[in-house]
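Coordinate inspection notes
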Amino acid sequence: TAGAASVLGAAADLAGGRRFAPLVRWCHLLGVAGDALSGALLVHDLGRPERFLNMLRTFRVRSPMSMGSWILAASGALNTVAMLLAHRRDGVGVLGRLASAGAGPLGAALSGYTAVLLNNTANPIWKHTHRTLPILFMSSSVASAGAILEQLPLDERSRRVARVYGIAGAAASLVSSVAVEREAARSAPVARPLQEGASGALWTASRVCTAAGLTLSVLSQRGTWV
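**Focus on the side chain of serine 69**
- Turning to its location among the elements, serine 69 is positioned in helix α4 (residues 64-85).
- Excluding anything up to four places from it in sequence, serine 69 contacts Leu42, Phe52, Met55 and Leu56.

**With respect to α4**
- A rise of 1.5 Å per residue sets the reference length of α4, with its 22 residues, at 32 Å; its end C-alpha atoms lie 31 Å apart and thus fit the reference within 8%.
- The complete set of buried residues in α4 reads Pro64, Ser66, Gly68, Ser69, Ile71, Leu72, Ser75, Gly76, Asn79, Ala82 and Leu85.
- Packing partners of the buried residues in α4 comprise α1 (2-16), α2 (21-46), α3 (49-55) and α5 (91-119).

**Examining the packing of aromatic side chains**
- Taken as a whole and judged by the stated rule, the model has one aromatic pair.
- Between phenylalanine 59 and tryptophan 70 the ring centres are 5.9 Å apart and the planes differ by 70°, which places this aromatic pair in the edge-to-face class. Taken together, the residues span a long stretch of sequence, with phenylalanine 59 in the loop between α3 and α4 and tryptophan 70 in helix α4 at a distance of 11 residues.
- Its relative accessible area of 52% is what places phenylalanine 59 among the exposed residues.
- The exposure class of tryptophan 70 is partly exposed, given its relative accessible area of 33%.

**Quick look at the side chain of glutamate 150**
- The topology assignment puts glutamate 150 in helix α7 (residues 133-150).
- Sequence-distant contacts of glutamate 150, defined by excluding residues within four places in its chain, comprise Arg159, Ala162, Arg163, Ser217 and Ser220.

**A closer look at the packing of α1 against α2**
- The interhelical angle for the contact between α1 and α2, taken along N-to-C directions, is 155°, at an axis separation of 8 Å. With respect to α2, the axis of α1 lies roughly antiparallel. At the point where α1 passes α2, the crossing takes the left-handed sense. Contact with α1, carried on its side by Ala2, Ala5, Ser6, Leu8, Gly9, Ala12 and Asp13, involves Leu23, Val24, Cys27, Leu30, Gly31, Gly34 and Asp35 of α2 and no other residues of that element.
- When grouped by side-chain class, the residues that make up the contact of α1 with α2 number eight nonpolar, four polar and two charged.

**Some words on the environment of glycine 96**
- Topologically, glycine 96 is positioned in helix α5.
- Residues glycine 96 and proline 22, spaced 74 residues apart in sequence, show a C-alpha to C-alpha distance of 15 Å.
- In this structure glycine 96 touches Val81, Ala82, Leu85 and Ala86, once residues within four positions along its chain are discounted.

About the thresholds
- Residues numbered from 1 in each chain as written.
- Predicted model: local features only at pLDDT ≥ 70, side-chain atom pairs only at ≥ 80, totals over all residues.
- Heavy atoms only, no water.
- Helix = DSSP H or I, 4+ residues; strand = E, 2+ residues; numbered from the N terminus.
- Contact = heavy atoms within 4.5 Å.
- Expected span 1.5 Å × (residues − 1).
- Buried < 20%, exposed > 50% of the residue type's maximum accessible area, 1.4 Å probe, protein only.
- Phe/Tyr/Trp six-rings, centres within 6.5 Å; stacked < 30°, edge-to-face > 60°.
- Axes fitted to C-alpha atoms, helices over the stretch in contact; angles between N-to-C directions.
- Parallel < 35°, antiparallel > 145°, perpendicular 65-115°, else oblique.
- Left-handed = near helix turned anticlockwise from the far one by under 90°.
- Nonpolar A, V, L, I, M, F, W, Y, C, P; charged D, E, K, R; others polar.

Dropping the structure here:
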């Protein structure tokens, strides 16, 4: 979600400038909060903070963990600079806007790299959906970021952009979930977790919830009651 918010923040800043200043600020704030929480969770997963710092001592393109650590660290740094400086109108503000532009591509990578990480495990359902799972993660993150931003205090123009962003993400998420199922279906044992048991129920529920959120976002233009 932090990654998808960074993408929208960079795009809104480049395309709209001051017209979307409130949206850009909220995107940067959401990006910083998500990056910080992600870093804390990663440190918790590794066990000790110094292990995260040790991961930054090397840069291995073939290692999803190494690349993910660098993407997360760089995204957090750029989002923080953008949040603090991008709204200023002097030369320092230029530095903030450059940081915002840099956070966009990193945000796209951040929103999908966790799927790549899962693809490189021995879990069959993750390993055999390496073409489609990252797309599902990225589109789902766009849907989540749009939904969060739409609930924040924005002007109508910015809220409309966030709504369209979330609708596009939700629609893409539904399509990519079908693609994940088809890729997994090449092997019946691999696809079974998406069809049976608790995992199958959660998979179905996630698609129902995404479809419901998409419907409500489309209908929300008809009145605040939705």
